[in-house]
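# Structural characterization, general
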Amino acid sequence: MTALLRIEDVHVSFAAAGWLKALTSGSPRRIEAVAGVSLDIATAETFAVVGESGSGKTTLARAINGLVPVSAGSIAFDGRQLTGLSEAAMGAVRRQMSMIFQDPVGSLSPRLTVRAILAEPFHVHKMAGRDLESRIERLLGLVGLTADFAERYPHQLSGGQARRVGVARAITLEPKLVIADEPTAGLDVSVQGEVLNLLNELQARLGIAILIITHNLNVVRHVADRMAIMYLGRIVEEGPTETIFAAPRHPYTLALLSANPEPDPDAVIDRIELQGEVPSLLQRPAGCEFHTRCPWAAGRCRSEAPAVADLGGGRRFTCHFPRQG
Amino acid sequence: MSDRISDIAPAAQQRRSALIDGFWRVVRQPMGSLGLALVLVVIFGALFADVLSAYNPIKLAVRERFLPAGFEHLLGTDQLGRDLFSRVLHGARIALWVALVATSIGLAGGLVLGMAAGYGPRWLDSLLILFLDALRSFPTVMLALALVTLVGASLGAVVLVVVLATLPSYARVVRAQTMSLKDAEFVLSARSVGAPVSRILIKHILPNIIGPLLILVSMDIPVVITIEAGMSFLGLGVRPPTPSWGSILNDGFAFIRESPWPAIAGGLPIIVATLGFTFLGETLRDEFDPKLRREP
Amino acid sequence: MKHDSSSPVLEIRDLTVEFRTSRGGLKALRHVNLDVPRGEIMGIVGESGCGKSTLISAILGLLATNGAVTSGEIRFDGEDIVTMSAERLRALRGDRLSVVFQDPMTALNPVLTIGTQMTAIQYRTGRSGAEKERRAVDMLARVNIPDPASRLAQYPHQFSGGMRQRICIAMALIAEPDLLIADEPTTALDATLEVQVINLLKELQAEFGCSILFISHHLGVVAELCDRVAVMYAGEVVERGDVRDIFHHASHPYAMKLLQCDPGRIGTATRRLPTIPGDLPDLVDLPQGCIFRGRCDRAIARCVAEPPPEHRVGKAHWAACHVAEEAGP
């Protein structure tokens, strides 16, 4: 089965120091925000990429959507090579692939009404017909907003409402893939469920694949079929969601899971406290990049980068001494 | 995300026109009311110059020279017997015309160059900055002298000088604003929808930078009026007998021993217009500049 | 520090705060009752618009110019903050009452070194410069900043977010306050950093014995850290009690629903998460009766007619709900 989205060994790097500074201080010229990521997403599947700040997950999402250039590797979407496409050529691709951004209100153009925001994809792709108005109304209805919301401006919307408008905009042209960057960020717990339920419903109804970028493991469990965990621009563990929650292997995955305990004062929490902070991308640790914080790091971890262990069925991790979860 | 209670948008929306709301916010401030009143006086005078004054501003009547202000001639007459009030009113037309046309061209030019510099590739930005900085480093008077030598003294020359003097600062502001919005999430959203650069600039970036820019422009109008008056004063602007406040002031200066009224007639409208636009501009900025967020 | 060790360090009674807006008076806090016992950690849980930021501002005496306390009292160690003089309040702040804010990026002065900032806040003590520096190094070591002596000369931007937050905690505790107010101190941090900060707060609280008022929307952290909890909604404290009371025997419909919605609580994977439908009420044009009734699925006739007072549902457990009252403790 050919995957809808196939990412192979993608690298995204940014300029860090100029040549003079690099010469004098030894800092690297470029930093790699994404350092060799490969994954596949199938049609109508929900895939979650989990990571904290500095993991490169948002950069990866933007690279897939063509908003930042890829420095190496390939991205194939619906059989078509995306890397190296010009912005104009990406235009056609963007009919099939849309993105929901992190800031619910900030991702909506402040001076446009909701109607104008939802009409934009139609105008851009020259699909605005006479039934534009009814199509906008239908979109609003699909995301649970009444027709009068079309008149409002972004600053007149609550976080949850703005988020829904973002979702509506993402599905206007019935794409095959929706990339949702932190869809629950900035939303209250009582409202997060609304967005996630909506995404699930739309997937069932329209058959869209969803790539969710998030740091919230609790959310992932309820929406994703498969997931990958990123650290310093690389995937450290991936596989079916339930399997990872039941039996995580990589120490970082275990730490993340223990950082989100069940809210129960009597629960005995086997908290794994990681030492230190995420290393700077300018000074990537040698060997296994997680060894500086890993509670179980041994000699080998400091010098030798672990190979990818493939257990089959999409279950992979990179660790010399994986835990028995 | 804001969770201050005072920031949450209420469920029931009040639909008031932003324009009317803005009007009341300006008028609420005493400085704003005064500024608006003075500006309206100037505009009114310019629009109805022919109706308001009985006299032809350029018709000579040498026997009535240097008459003091009185019932017949509200501001007296100048050295050639022309009614000063009438000349002042017609001068208002020129002042406003320059203000309007020159700042519009400056604004348009500033927008185009600024957005190109801000959103385009870095080499274009460097090139434009070089050009704009070069332009900005010319003192206005020198610029005026140089241009007038090339194109001759005229209203057109005045407009050109004003445009070249103001364009760089508008372009810089536009460039800075564009650069800050370039990576804003709503711009990235528009790109991810497939919007081409032109659409992004016009529909997304422009409406969000025009506000502070208009305030800047309104605060520049007094400067523009002064440039026009100054150039005419120096003989580099409009040619006689066209009445410009600056040239009236110039003549008044020359003949101050014979009668103070030409000088007063030239200076007074400049003061009134400058004060009016300054007050109005400052009030607009205090009320509407998003950087000066205040509690109601 | 003379105080009666059994009385609460902070007692809030019937506190009402109103803001003047162009649309009228916005009642941001209404009849808030709260006690922070000495030497304990009190958690305040609530979502956007619940009034927790306003509550902090009121306690610190830092309400915006258009806000005012229209009734009630805030007793810090017996003295009422609302009627206190400005100098007295300033004397308390930073000495017996300190704060850690949400955003470590903006809480520190970017143009002063950490050392300067940490010695400057000790200005009230009569210590010598060297002594102040020693204490600063000491505190930095306590919050697990590696190699503290050399880091005093560094600027905030040279530290990461997690470290900056720890520095803020060090600064807040250097004066050994009676009450530390932590306003969402971990919201801006990653989950793994949050674990570090929470463990740090637990250790330091045990060591210093100060009380902590901990504001958060992260239920898991509140359950782990706090001894007592108050749940706020739209400007009111709807339920308060011991942490076990709240998490195991929640009585107010909002508190119950909030706990249900927390994804960490939902053991099995589900594709249909619970939510609380509806929106926050308008705080300028308050609805009649109970503030939550518009979104409550247990509302009865009485809920529309009269706002519920605090009703005791346990030994030290109150809920402002008519239905809870009628159900009995």
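Residues numbered from 1 in each chain as written. Chains lettered and ligands numbered in written order. Predicted model: local features only at pLDDT ≥ 70, side-chain atom pairs only at ≥ 80, totals over all residues.

### Brief notes about the overall build of chain B
- A tally of helices and strands in chain B yields 11 helices and 0 strands.
- Reading the secondary structure of chain B in the N-to-C direction produces α-α-α-α-α-α-α-α-α-α-α.
- For chain B, the C-alpha atoms occupy an extent of roughly 75 × 50 × 25 Å along the three principal directions.
- The buried share of chain B, taken over its 296 residues, is 43%.
- Within chain B, counting contacts between residues at least 6 apart in sequence, those at least 24 apart form 67% of the total. (Helix = DSSP H or I, 4+ residues; strand = E, 2+ residues; numbered from the N terminus. Buried ≥ 20, exposed ≤ 12 C-beta atoms within 10 Å, placed from the backbone. Contact = placed C-beta atoms within 7 Å.)

### Considering the sheet that holds strand β4 (residues 67–76) of chain C
Residues and elements named next belong to chain C.
- With antiparallel pairing, 4 strands are arranged side by side in an open sheet as β2-β1-β4-β5. Among the strands making up the open sheet, the edge pair consists of β2 (24–36) and β5 (79–80).
- Here 9 bridges tie strand β1 (residues 10–21) to β2, and the two strands are oriented antiparallel to one another. The partner of E11 across the bridge, within β2, is D35.
- Across the face of the sheet, helix α1 (residues 52–60) comes into contact with β1, β2 and β4 while running at roughly 75 degrees to β2. (Pairing = 2+ DSSP bridges. Axes fitted to C-alpha atoms, helices over the stretch in contact; angles between N-to-C directions.)

### Looking at the sheet that holds strand β10 (residues 234–240) of chain A
All names here are of chain A.
- Pairing in this open sheet of 8 strands is mixed, and the strands run β6-β7-β8-β3-β9-β10-β12-β11 from one edge to the other. Edge strands, defined here as strands with exactly one partner in the open sheet, are β6 (97–100) and β11 (309–312). In this sheet, neighbouring strand axes are inclined to one another by 15 degrees on average, regardless of whether the strands run parallel or antiparallel.
- Here 3 bridges tie β11 to strand β12 (residues 315–317), and the two strands are oriented antiparallel to one another.

### Some remarks on the interface of chain C and chain A
- Listed per partner, the contact involves 37 residues of chain C and 32 residues of chain A.
- Elements with a minimum of two residues in the side of chain C that touches chain A: α7 (161–173), α8 (191–208), α9 (219–225), α10 (243–248) and α11 (253–261) of chain C.
- A per-element tally of the side of chain C that touches chain A places α8 of chain C first, with 6 residues.

### Brief notes about the environment of N216 of chain A
All names here are of chain A.
- Along the polypeptide, N216 turns up in the loop between β8 (209–214) and α8 (217–223).
- According to the C-beta neighbour criterion, N216 is partly exposed, with 19 such atoms within 10 Å.
- As for N216 and V50, which are separated by 166 residues in sequence, their C-alpha atoms are 7.4 Å apart.

### Considerations on helix α2 (residues 57–64) of chain A
Residues and elements named next belong to chain A.
- The buried fraction of α2 is high, at 7 of 8 residues.
- Here α2 has its buried residues at K57, T59, L60, A61, R62, A63 and I64.
- G66 lies just past α2 and shows a positive phi near 80 degrees.

### A look at the domain arrangement of chain C
Residues and elements named next belong to chain C.
- According to the domain assignment, chain C consists of domain 1 (10–96 + 175–266 + 274–327) and domain 2 (109–174).
- Counting residues at the interface gives 14 residues for domain 1, matched by 13 residues for domain 2.
- A class-by-class count of the residues in the side of domain 1 that touches domain 2 yields 10 nonpolar, 2 polar and 2 charged. (Domains from an automatic or database assignment. Nonpolar A, V, L, I, M, F, W, Y, C, P; charged D, E, K, R; others polar.)

### Quick notes on unusual backbone geometry
- The backbone phi angle of D9 of chain A is positive, close to 45 degrees, even though this residue is not glycine.
- Mapped onto the secondary structure, D9 of chain A falls in strand β1 (residues 5–15).

### Side note on the nonpolar core
- L211 of chain A together with L213 and V231 of chain C are the most contacted members of the largest nonpolar core, which has 260 residues in total.
- In terms of domain composition, this core takes at least three residues from each of domain 1 (10–96 + 175–266 + 274–327) and domain 2 (109–174) of chain C.
- With near-sequence residues (within four places) excluded, L213 of chain C lies in contact with L10, V36, M42, I44, L179, I181 and A182 of chain C. (Core = buried A, V, L, I, M, F, W, Y, C linked by C-beta atoms within 7 Å.)

### A word on the packing of helix α6 (residues 140–151) of chain B against helix α7 (residues 155–182) of chain B
All names here are of chain B.
- In the contact formed by α6 and α7, the axes pass within 10 Å of each other and the chain directions differ by 140 degrees. Taken as axis vectors, α6 and α7 run oblique relative to one another. Here α6 runs over α7; the crossing is right-handed. Of the residues in α7, those in contact with T140, L143, A144, L147, V148 and V151 of α6 are G156, A157, L160, V161, L164 and A165.
- Looking at the contact of α6 with α7, its residues break down into 10 nonpolar, 2 polar and no charged. (Parallel < 35°, antiparallel > 145°, perpendicular 65-115°, else oblique. Left-handed = near helix turned anticlockwise from the far one by under 90°.)

### Some thoughts on the pairing of strand β9 (residues 226–231) of chain A
All names here are of chain A.
- With 6 of 6 residues buried, β9 lies mostly within the body of the structure.
- Covered by surrounding structure in β9 are R226, A228 and M230 together with M227, I229 and Y231, the residues of both alternating faces.
- One ladder, built from 4 bridges, connects strand β3 (residues 46–50) with β9; its direction is parallel. Within β9, the residue paired with F47 across the bridge is R226.
- Sheet topology places β9 next to β10; 6 bridges connect them, and they run antiparallel.

### Quick word on helix α5 (residues 132–142) of chain A
All names here are of chain A.
- Looking only at α5, the buried set comprises I136, L139 and L140. Buried residues of α5, viewed axially, fall in a sector of 100 degrees; they line one side. Exposed side chains of α5 directed beyond 90 degrees from the buried face belong to S134, R138 and G141.
- For α5, the secondary structure elements touched by its buried residues are α4 (114–124) and α6 (159–171).
- Following α5 by one or two positions, G144 adopts a phi angle in the positive range, close to 80 degrees. (Arc of directions from axis to C-beta.)

### Observations regarding the environment of P110 of chain C
Residue and element names in this part refer to chain C.
- With respect to the helices, strands and loops of the structure, P110 is situated in the loop between α3 (104–107) and α4 (114–120).
- The class of P110 is exposed, set by 9 C-beta atoms lying within 10 Å.
- Excluding anything up to four places from it in sequence, P110 contacts Y155, P156 and H157.

### Considerations on the packing of helix α9 (residues 197–233) of chain B against helix α10 (residues 245–254) of chain B
All names here are of chain B.
- Running from amino to carboxyl end, α9 crosses α10 at an angle of 45 degrees, the nearest separation of the two axes being 7 Å. Accordingly, the angle class assigned to the pair α9 and α10 is oblique. Judged by the sense of rotation from one axis to the other, the crossing of α9 with α10 is right-handed. Residues E228, A229, G230, M231, S232 and F233 of α9 lie in contact with α10, whose contacting residues are W245, G246, S247, L249 and N250.

### Points about the confidence of the model for chain C
- Considering every residue of chain C, the mean pLDDT works out to 88; 97% of them sit at 70 or more.
- Model confidence for the complex: the whole-complex pTM is 0.83, and ipTM, which rates the interface, is 0.85. (pLDDT = per-residue confidence, 0-100.)

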